[in-house]
Amino acid sequence: MRKLFIAGNWKMNLDAAAAKELTTGLKDNLCDCTAAKVDVAVCPAYVYVPQVVEIAQGSPIAVGAQDVYFEGNGAFTGEVSVAMLKDVGCKYTILGHSERRHVIGETDELTNQKLLAALAGGLDVILCIGELLEERQANQTEAVIERHLRKGLAGVTKEQMAKVTIAYEPVWAIGTGQTATPEQAQEAHAFARSIIADMFDNNVAQETRIQYGGSVKPSNAAELLSLPDVDGALVGGASLKVQDFMGIINAGASTCGCGCQ
Ligand code: PGA
């Protein structure tokens, strides 16, 4: 049984005081019972990672970065290595986010280099995939999902897949308030899982967590998180407020059906 995984992508938001307040609020509100059912991570901007790691210590909240570079060290001005992130207590890194792909211009090949370096260096990866609006309109959704997976996961072993989470984020749903319908999300997730089964095997596909991302909020989280192939959420805007992010986490915990909520 795949455990739900809900991660907050803070993007280029918050200052030190706000990051501290948010992390403290989450730590105070996340009970052990919920944490037993939902893995939770927050992904601040690089500069706040050490501070957030320190505050989150002793809590079930893991900390991730929003990117990493594939080289180990050297003359790569502005970049941050896997070892550096490990050094400050980072557990995850997001890779291939649509803003990296479409605003910064990162390719599938670069995303793959980063992913292989992250896994080799001991970071868990959240690999983002998903189509632009014009790609969906041109019936290219499955082709884009397949390309992002095949190119992004090239060279990854079956064993390493235990450290990989996929985040299906239709670009037209990110930060727009427009969420994929449950049918669209389930269809895309099931398709992504079928590609993972083809690339690795059915067992890997069944074990791999696939998060949905794109305007997830407390009001739509329960429905999305109860879909058979949705194993969590990558949350942007709604992860910046304790109440909203906790609302999503609690919605996830209550979908497990154990009756403890
Ligand atoms: P959003 O962002 O929840 O604000 O739509 C999601 C993401 O980009 O990861």
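Residues numbered from 1 in each chain as written. Predicted model: local features only at pLDDT ≥ 70, side-chain atom pairs only at ≥ 80, totals over all residues. Heavy atoms only, no water.

Draft legend 1. Geometry of the site of the ligand. Taken together, 13 residues are adjacent to the ligand, and Lys 11, His 97, Glu 169, Gly 175 and Ser 215 come closest. Here an oxygen atom of the ligand sits 2.8 Å away from a polar atom, N or O, in the main chain of Gly 236. In this structure, an oxygen atom belonging to the ligand sits 2.8 Å away from a main-chain N or O atom of Gly 237. Burial of the ligand by the protein amounts to 95% of the accessible area it has alone, namely 290 Å². Taken together, the residues that form the shell around the ligand break down as four nonpolar, seven polar and two charged. (Near = heavy atom within 4 Å. Polar contact = N/O pair within 3.5 Å; in protein donor to acceptor, adjacent residues only side chain to side chain. Areas by Shrake-Rupley, 256 points an atom, 1.4 Å probe, with all protein chains shown as cover. Nonpolar A, V, L, I, M, F, W, Y, C, P; charged D, E, K, R; others polar.)

Draft legend 2. Local environment of the packing of aromatic side chains. Counting across every chain of the model gives four aromatic pairs. Between the aromatic rings of Tyr 168 and Tyr 212, the centroid separation amounts to 6.4 Å while the plane-to-plane angle is 55 degrees, which identifies the pairing as tilted. One end of the pair, Tyr 168, is in strand 6 (residues 164–168); the other, Tyr 212, is in strand 7 (residues 209–213), and 44 residues separate them in sequence. Like Tyr 168, the residue Tyr 212 is buried in the burial classification. The rings of Tyr 69, Phe 70 and Phe 76 are connected pair by pair, giving a single aromatic cluster. (Phe/Tyr/Trp six-rings, centres within 6.5 Å; stacked < 30°, edge-to-face > 60°. Helix = DSSP H or I, 4+ residues; strand = E, 2+ residues; numbered from the N terminus. Buried < 20%, exposed > 50% of the residue type's maximum accessible area, 1.4 Å probe, protein only.)

Draft legend 3. The arrangement of the sheet that holds strand 2 (residues 38–43) in detail. Pairing is parallel around the closed barrel formed by eight strands, whose spatial order is 1-2-3-4-5-6-7-8. Within the sheet, the average angular offset between the axes of one strand and its neighbour, ignoring direction, is 25 degrees. (Pairing = 2+ DSSP bridges. Axes fitted to C-alpha atoms, helices over the stretch in contact; angles between N-to-C directions.)

Draft legend 4. Inspection of the pattern of salt bridges at higher detail. One pass over the full model with this rule turns up 18 salt bridges. For Lys 114, the salt bridge is made with Asp 67, and the minimal N-O distance between the two is 3.0 Å. Remark: Asp 67 occurs in the loop between strand 3 (61–65) and helix 4 (82–87) and Lys 114 occurs in helix 6 (residues 108–120); sequence separation between them is 47 residues. Just as Lys 114 is buried, Asp 67 falls in that class too. One salt-bridge network, in which partners are shared between bridges, spans Arg 2, Arg 193, Asp 229 and Asp 231. (Salt bridge = Lys/Arg side-chain N within 4 Å of Asp/Glu carboxyl O.)

Draft legend 5. Layout of the pairing of strand 1 (residues 4–9). A large share of strand 1 lies buried, amounting to six of its six residues. Covered by surrounding structure in strand 1 are Leu 4, Ile 6 and Gly 8 together with Phe 5, Ala 7 and Asn 9, the residues of both alternating faces. As paired strands, strand 1 and strand 2 are joined by six bridges and run parallel to one another. In the sheet register, Asn 9 faces strand 2, and the bridge partner there is Cys 43. Here strand 1 pairs with strand 8 (residues 232–235) via four bridges, running parallel. Its bridge partner being in strand 8, Ala 7 is matched across the sheet by Leu 234.

Draft legend 6. Geometry of the side chain of Glu 106. On the secondary structure map, Glu 106 appears in the loop between helix 5 (98–104) and helix 6. Residue Glu 106 is classed as buried on the basis of its relative accessible area of 10%. If we skip the residues at most four places from it in the chain, Glu 106 touches Asp 67, Arg 100, Arg 101, Thr 111 and Lys 114. (Contact = heavy atoms within 4.5 Å.)

Draft legend 7. Quick peek at the side chain of Asp 108. With respect to the secondary-structure elements, Asp 108 resides in helix 6. Within the structure, the side chain of Asp 108 is placed 2.8 Å from the side chain of Arg 101, a separation counted as a polar contact. Those residues within four positions of Asp 108 in sequence are excluded, and the remaining contacts are Arg 101, Arg 147, His 148 and Lys 151.

Draft legend 8. The arrangement of helix 3 (residues 49–56) in detail. Every buried residue of helix 3 is accounted for by Val 49, Val 52, Val 53, Ile 55 and Ala 56. Buried positions in helix 3, seen along its axis, are confined to an arc of 165 degrees and lie on one side of it. Here the buried face of helix 3 lies against helix 1 (16–29), strand 2 and strand 3. Phi turns positive, to about 85 degrees, at Gly 58, one or two residues after helix 3. (Arc of directions from axis to C-beta.)

Draft legend 9. Main features of the nonpolar core. Judged by nonpolar contacts, the single largest core of 69 residues is most densely connected at Leu 149, Leu 153, Ile 166, Ile 196 and Tyr 212. In this structure, Tyr 212 is in contact with Tyr 168, Pro 170, Ala 173, Thr 179, Ala 180, Ala 185, His 189, Leu 224, Val 230, Gly 232, Ala 233 and Leu 234, ignoring residues within four places of it in sequence. With eleven residues, the next largest nonpolar core counts Ala 7, Ile 94, Cys 128 and Ala 167 among its residues. (Core = buried A, V, L, I, M, F, W, Y, C linked by side-chain atoms within 4.5 Å.)

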